[in-house]
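Tertiary structure, described
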Amino acid sequence: MRLLGFLMKSCSLGKQVDYYSRFSPSPLSMKQFLDFGSENACERTSFVFLRQELPVRLANIMKEINLLPDNLLKTPSVRLVQSWYMQSLQEILDFKDKKSDDEKIIYDFTDAVIKIRNRHNDVIPTMAQGVVEYKESYGVDPVTSQNVQYFLDRFYMSRISIRMLLNQHMYKITCEKLGSFCWFTALLFGGKVKVNPAHPKQIGSIDPHCRVVEVLKDAYENARRLCDLYYMNSPELKLEEFNAKERGKPTTVVYVPSHLYHMVFELFKNAMRATMEFHGDAAEFPAIKVQVALGHEDLTVKVSDRGGGVPLRKIDRLFTYTYSTAPRPRMETSRATPLAGYGYGLPISRLYARYFQGDLKLYSLEGYGTDAVIYIKALSTDSIERLPVYNKSAWRHYKTMHEADDWCVPSKEPKDMTTFRSF
């Protein structure tokens, strides 16, 4: 009976996935996130929006998971990730027909949001482990590699967007009082607590006046501590700031500080490692130069190092999951946060940049150094979520066979002209 009940429940959930995947996700702009956090909004609106939007985003990416190679789907790690998504979808659907004006329902929903967010904390390393398991057991051909890269970009982007909604719906503030913790909630569309004491200027995860240079300096100092730990030295930082909108004033932008921090911390780690290893036992190391420029449309952050650069043929590989120029760290020492080695840093950082319609690009001068450039939309109305949609175009991408190149591929071996035939 238990098995029958499980099968019936799984069948029912599969129909729900099919149903909600027919809808496209509704991308929000940074301005909408801020408006939703205003005093005029209410927690009921947040509840109604999320119970409709979360199933759509979950179902869209769940359909794409099912298009992965069968042997990849059978790996324990990928099956675990699938179970997390199925459980989370079911928990959200449990509130589909609940009354939105019942405070107890709102409280239970918020509690479910916390559980879902915590359940998905390890999605990135778990899915990564699944890919490693698959490669070690079956190897990877060019077609599968291309499809997995396409999927992971969309899967992790979907995760970023879902986590953004969950964090905006409820962020927790802990305060120690009489040896216990007090919990406060602040909802995406307003709530009882309007100010986060830890970050009083933020609305959930978003800072309406994010001071870019402060985030950069924080990321640099943390990366520098790692560099000092591994190399007993580190490059200095030279920073220039150009504010074309308000000359002479600090550069600010409406953004998610944690996203910006993640990107620049990764770039600083890469730049420091390259600089230290390229210059070896030098008495002094070239500084890492950072330029911040705010225009009318874009905020641009350029991180420049003199770490020797990389060849042009390797640039695209740097954004490939599991590719790294450093040795893979041992699993049991991974908590030490090594300076490099897992290969997910740059691909995930680029997704953070692209999430709100920005980008991250690399320009390298082999033998000299590398420029990494982050582009962020300067206007909150232009910063709109970039979300994957499951449709026929996405389906065809997984099913289309790799075609032969329509440009001649140069041989690596010199041509034997004695065997050349004239016509």
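Anyway, here's the lowdown on the structure attached to this text. (Residues numbered from 1 in each chain as written. Predicted model: local features only at pLDDT ≥ 70, side-chain atom pairs only at ≥ 80, totals over all residues. Heavy atoms only, no water.)

1. Observations concerning helix α12 (residues 345-355)
Put simply, the rule reads: Exposure classes here rest on a 1.4 Å probe applied to the protein chains alone. A residue is buried below 20% of its type maximum, exposed above 50%, and partly exposed in between. The way it works is that DSSP assigns letters per residue, a run of H or I at least four long becomes a helix, a run of E at least two long becomes a strand, and they are numbered from the N terminus.
Most of α12 sits inside the fold, with 10 of its 11 residues counted as buried. All of the buried residues in α12 are G345, L346, P347, I348, S349, R350, L351, Y352, A353 and Y355. A positive phi of about 70° marks Q357, the residue just after α12.

2. Focus: the pattern of salt bridges
Our working rule: The working definition used for a salt bridge is a side-chain nitrogen of Lys or Arg within 4 Å of a carboxyl oxygen of Asp or Glu.
One pass over the full model with this rule turns up 15 salt bridges. Between E266 and K269 there is a salt bridge, with its nearest N and O atoms 3.5 Å apart. With E266 and K269 both in helix α10 (residues 257-279) and 3 residues apart, this pair spans about one turn of that helix. In this pair, the class of E266 matches that of K269, namely buried. In this structure, the salt-bridge partner of R273 is E277, at a minimum N-O distance of 3.5 Å. A residue pair is termed a helical-turn pair when its members lie 3 or 4 positions apart in one helix, as R273 and E277 do in helix α10 at 4 residues. On the basis of relative accessibility, which here comes to 13%, the residue R273 falls in the buried class. Assessed through its relative accessible area of 46%, E277 is described here as partly exposed. Salt bridges here are not isolated pairs; linked through shared partners, they connect E53, R57 and E385.

3. Concerning the sheet that holds strand β6 (residues 288-294)
We apply this condition: Only strands that DSSP links by at least two bridges are regarded as paired with each other. The angle between two axes is taken between their N-to-C directions and runs from 0 to 180 degrees, where each axis is a line fitted to C-alpha atoms and a helix contributes only its stretch in contact. The contact criterion used throughout is that any non-hydrogen atoms of two residues lie within 4.5 Å.
If you trace the 5 strands from one edge of the open sheet to the other, you get β4-β6-β7-β9-β8, paired in mixed fashion. Each edge of the open sheet carries a strand with a single partner, namely β4 (237-243) and β8 (359-365). The sheet shows a mean angle of 15° between the axes of neighbouring strands, taken without regard to direction. Direction of pairing for β6 relative to strand β7 (residues 298-305): antiparallel, over a ladder of 6 bridges. Counterpart to L294 in the pairing with β7 is L299. Set on the sheet, helix α9 (residues 212-231) makes contact with β4, β6 and β7; between it and β4 the angle comes to about 165°. The sheet strands contacting α10 are β4, β6, β7, β8 and β9 (369-377), and the helix crosses β9 at an angle near 175°.

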